Amino acid sequence: MKGIAIRAFLPTASVFALALALCLPKASPVAAQDQNVQVIELVAKKYEYSPAPVHVKAGSMARLKITAVDHDHGFKIGLGPDGAKRSGKDGLVFASPQDCWQLKKSETTTIEFLAQAPGTYTFKCCHTCGLGHRSMKGEIVVD
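Structure report, in brief.

### Here we look at the overall build of the protein
Secondary structure summary: the protein contains 1 helix and 10 strands in total. Walking the protein from its N terminus toward its C terminus, one meets helices and strands in the order α-β-β-β-β-β-β-β-β-β-β. The buried share among the 143 residues of the protein stands at 28%. Partitioning the contacts of the protein with sequence separation of at least 6, the portion at a separation of at least 24 is 70%. Entry remark: accessible area of the protein is about 9000 Å², with carbon and sulfur atoms responsible for 59%.

### A look at the sheet that holds strand S9 (residues 119-124)
Hydrogen bonds along the backbone pair up the strands of a sheet, which may run parallel or antiparallel. Across the sheet, which stays open at both edges, the 5 strands sit in the order S3-S10-S9-S5-S7 with mixed pairing between neighbours. Edge positions in the sheet fall to strand S3 (54-56) and strand S7 (101-103), since each has one partner strand and no second. Taken over all neighbouring pairs, the strand axes of this sheet differ in orientation by 25° on average, direction set aside. Pairing analysis gives 2 bridges linking strand S5 (residues 73-77) to S9, with the strands arranged antiparallel. Within S9, the residue paired with Lys76 across the bridge is Lys124.

### Focus: the sheet that holds strand S6 (residues 92-94)
With mixed pairing, the 5 strands of this open sheet are ordered in space as S2-S1-S4-S8-S6. The open sheet has two edge strands, strand S2 (48-50) and S6, and neither has a second partner. Between one strand axis and the next, the sheet turns by 30° as a mean value, whatever way the strands run. Inspection of the sheet shows strand S4 (residues 61-68) paired to strand S8 (residues 108-115) by 7 bridges, in the antiparallel sense. Opposite Leu64, over in S8, you have Ile111 as the bridge partner.

What counts, and where the lines are drawn
- Residues numbered from 1 in each chain as written.
- Predicted model: local features only at pLDDT ≥ 70, side-chain atom pairs only at ≥ 80, totals over all residues.
- Heavy atoms only, no water.
- Helix = DSSP H or I, 4+ residues; strand = E, 2+ residues; numbered from the N terminus.
- Buried < 20%, exposed > 50% of the residue type's maximum accessible area, 1.4 Å probe, protein only.
- Contact = heavy atoms within 4.5 Å.
- Areas by Shrake-Rupley, 256 points an atom, 1.4 Å probe, with all protein chains shown as cover.
- Pairing = 2+ DSSP bridges.
- Axes fitted to C-alpha atoms, helices over the stretch in contact; angles between N-to-C directions.

Written as C-alpha cells, this is what we have:
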C-alpha cells in the first residue's frame, strides 16, 4: 500500500513543480540590466515633442518620462531603425511593448527600453490631437 502511494505521489509532485516553474515570473533582458538607466524627460504638447532629437547610447537602458501638458497625446515607435529591413532582432527592446502608449493630460508616462542597435528611430503621436497631429513627430538617435 505504501509503495502505491509513493508511485502516485511522485508524478503529481513533478507536475506541480513544472506548473509552478512555468507560472513564476521570468527575468527579461530589459529588467535584468537596471543598473545604469539613462532617464530622458520629454514633453508632449500641441503638435510637438521636446526636446528633439533624443540621443541614447547603444547598449544602454533608457527610461522615457513623457508628460502631456495640454491634452491627451500618444507615443508610437518602431522596433527597428528607420529604413532598416526587418532582420529578426529588434533595435529597441521595450520592457512592456505596446502599439500605442496613451499619454494622458498632466500625467507622466514612463516607457523603458534597451537600445540594442544604432540608428534613428522616428516616433509619432498615435492619438488624434488636432489639425497638426500628422506632423507631431520626434526622433530617438541611438549612437
